[in-house]
Amino acid sequence: MRLFLVRTGLACLALWIVLCAVIGIVAVEGALHPRRSPLADADIAQAEAIAATDHAVLSNTSVAADDAVTLRAWYLTPNAGNGTAVILLHGQGANRAAMLGNADLLLRHGFSVLLPDARAHGESGGDIATYGIKEAFDLERWYEWLHRSNHACVDALGESMGAADLLTSLRAEPGFCAVVAESSFSTFQEAAYDRLGQEFRTGPWLGRTLLRPALWAGLFYTRWKYGLDLDTASPQSAVQHSRVPIFLIHGLADTNLPPRHSERMKEINPAIVLWEPRKAWHCGASTAEPQQYEARVVAWFEDHPQPALQSMTHPSP
């Protein structure tokens, strides 16, 4: 009887390990290959309408990433600009059109705006999203492109994945005057705990405990197949010693990536400013509190008219 119980226990353990491995691999493949949303005619029409309303010039532009992937973007410059450009970074599975609302807001205040499609999204090249590992270098290319356009300041604003990409890039101590990041994750691992728990409606504790082997399997698989260490996708470590002025926004009603992610970053870098609108969901501050959102974001950029540092160097991978 005892031998039977031991064998049964070992069989259950082996089955659980195999199941966790499958869950981890499937989950990480889904994360690395988000759905691609090409630009629609309606997206282009909306961008043209915003440019006309805000008396701005709309143009298409592109840069080559370090790995030769072509990155594409819209660039809008108001006729009466204030000399500052803002890079607007969208979330997972979206494209540049998702940031047109922010573009409209900033154009009305005289900012030029650059709306890139992230790699593996929209019209940009690339086969996989890497959550800041390669995107930090991509952002460097866009920063340099704007810097050559003689803007007095280059700022950036990102949402969700775009926010995490932006914060991860700060490991390089770039020359941004200021950045705004809404609904970012603190580390890929912490976000994975949330995602695994969401599948079973348990919260992050399931990913931290029973499904932790699934995370390990996913991370190992990604290193083996793609040569990527997703443990380095860590906005939290990137902002720890950053001297760039950082404004974090995280709605208290966000159940997609709970506000603890931004709260952790605020804890390790007290210079960070954190706004937590009570009724805002994931990337929903501009909807929940539109007047406060506009006032706070515009003031943050206007109050930081000088680059934090003068040069941008490659971050450690």
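Located above this text is the structure these notes cover.
For the structure given in this document, a descriptive report is provided here. (Residues numbered from 1 in each chain as written. Predicted model: local features only at pLDDT ≥ 70, side-chain atom pairs only at ≥ 80, totals over all residues. Heavy atoms only, no water.)

**Describing the overall build of the protein chain**
Going by this rule: Helix and strand definitions follow DSSP, with helices as H or I runs of at least four residues and strands as E runs of at least two, each counted in order from the N terminus. What the globule rule says is 2.2 Å times the number of residues to the power 0.38, and the radius of gyration is computed from C-alpha atoms. For every residue, the accessible area (1.4 Å probe, protein chains only) is compared with the maximum for its type, and the residue is labelled buried under 20%, exposed over 50%, or partly exposed between those bounds. By the convention used here, residues are in contact when the closest approach between their heavy atoms is within 4.5 Å. Only the protein chains shown count as cover for residues, and all accessible areas are computed by the Shrake-Rupley method using a 1.4 Å probe. His residues and chain termini do not enter the charge count, which takes Lys and Arg as positive and Asp and Glu as negative. To locate a charge, take NZ of a lysine, CZ of an arginine, CG of an aspartate or CD of a glutamate.
In terms of helices and strands, the protein chain carries 12 helices and eight strands. Here the C-alpha atoms of the protein chain give a radius of gyration of 21 Å, agreeing with the 20 Å that 2.2 N^0.38 yields for 317 residues. Its C-alpha atoms put the protein chain at 85 × 40 × 35 Å along the principal axes. In the protein chain, which comprises 317 residues, the proportion classed as buried is 54%. Sequence separation of 24 or more characterises 75% of the internal contacts of the protein chain that already satisfy a separation of 6 or more. Approximately 14200 Å² of the protein chain is accessible, and the part contributed by carbon and sulfur atoms is 57%. For the protein chain, the distance from the average position of its 25 positive side-chain charges to the average position of its 33 negative side-chain charges is 9 Å.

**Brief notes about the sheet that holds strand β2 (residues 70–78)**
Test applied: At least two DSSP bridges between two strands are required for those strands to pair. Convention adopted: a line fitted to C-alpha atoms gives each axis, helices being fitted over their contacting stretch, and angles between N-to-C directions are expressed from 0 to 180 degrees.
Judged by pairing direction, the sheet is mixed, and its eight strands sit side by side in the order β1-β2-β4-β3-β5-β6-β7-β8 without closing on themselves. Every interior strand has two partners, whereas the edge strands, β1 (56–64) and β8 (273–275), have only one. With strand direction ignored, the average angle separating the axes of adjacent strands in the sheet is 20°. Examined bridge by bridge, strand β6 (residues 179–182) and strand β7 (residues 246–249) share four bridges and lie parallel to one another.

**Points about the packing of aromatic side chains**
Centre-to-centre distance and the angle between the planes together describe a pair of aromatic rings. Quick note on the threshold: Note on ring pairs: Phe, Tyr and Trp rings are taken, using the six-membered ring of Trp, and paired if centres are within 6.5 Å. Classes follow the plane angle, with under 30 degrees stacked, over 60 edge-to-face and the rest tilted.
One pass over the full model with this rule turns up nine aromatic pairs. Look at Trp142 and Trp145: their rings are 6.4 Å apart centre to centre, the planes differ by 80°, and that puts the pair in the edge-to-face class. Remark: Trp145 and Trp142 occur in helix α4 (residues 135–147); sequence separation between them is three residues, near one turn of the helix. Among the residues examined, Trp142 registers a relative accessible area of 3% and is labelled buried.

**Quick word on the pattern of salt bridges**
Basically, it comes down to this: Salt-bridge detection follows one rule: a side-chain nitrogen of Lys or Arg within 4 Å of a carboxyl oxygen of Asp or Glu.
Going through the model one piece at a time under the given rule, you end up with 15 salt bridges. Where Asp67 meets Arg119, a salt bridge forms, and the shortest distance between an N and an O atom there is 3.0 Å. Taken together, the residues Asp67 in the loop between β1 and β2 and Arg119 in the loop between β4 (112–116) and α4 connect sequence positions 52 residues apart. For Asp67, a relative accessible area of 37% gives the class partly exposed. Where Asp231 meets Arg223, a salt bridge forms, and the shortest distance between an N and an O atom there is 3.0 Å. Exposure remark for Arg223: the relative accessible area of 37% places this residue in the partly exposed category. Three or more residues are tied together by salt bridges with common partners; here these are Asp66, Glu140, Arg141 and Glu144.

**So, empty space enclosed by the protein**
Convention followed: The distinction between a cavity and a pocket rests on a 1 Å grid over the protein atoms alone: a 1.4 Å probe fits inside a cavity but cannot get out, while a pocket stays open yet meets protein on both sides within 12 Å along at least five of seven lines, and a residue with an atom within 4 Å of a point counts as lining. Grid points are joined across faces, edges and corners, and a volume is the space filled by probe spheres set on the points. Residue polarity is assigned by list, with Asp, Glu, Lys and Arg as charged and Ala, Val, Leu, Ile, Met, Phe, Trp, Tyr, Cys and Pro as nonpolar; anything else, Gly included, falls into the polar class.
On inspection of all chains with the given rule, the structure shows two cavities of 30 Å³ or more. Of the volumes computed, that of the largest cavity is approximately 160 Å³. If you go around the largest cavity, you meet 14 residues; those closest to its centre are Leu89, Ala118, Glu135, Asp138 and Asp165. For the lining of the largest cavity, the secondary structure elements donating two or more residues are α4 and α5 (161–169). For the lining of the largest cavity, the element with the highest residue contribution is α4, accounting for four residues. In the lining of the largest cavity, the residues fall into seven nonpolar, two polar and five charged.

**Focus: the state of the cysteines**
Inclusion rule: Cysteine sulfur atoms are paired as a disulfide whenever they fall within 2.5 Å.
Under the counting rule described, the total for this entry stands at one disulfide. Disulfide pairing places Cys153 opposite Cys177 at an S-S distance of 1.8 Å. Of note, the bridge from Cys153 to Cys177 carries an S-S torsion of about -90° and is left-handed in sense. Of the two residues, Cys153 sits in strand β5 (residues 153–159) while Cys177 sits in the loop between α5 and β6, which places them 24 residues apart along the sequence. In this structure, Cys153 and Cys177 share a single accessibility class: buried.

**Points about the layout of surface pockets**
Here the largest pocket defines a volume of roughly 890 Å³. Taken together, 36 residues form the lining of the largest pocket, with Ala27, Ala31, Gln92, Tyr131 and Arg195 sitting closest to its centre. Contributing elements (two or more residues each) for the lining of the largest pocket: α1 (2–32), α6 (188–200) and α8 (212–226). Here the lining of the largest pocket is composed, by residue class, of 22 nonpolar, 10 polar and four charged.

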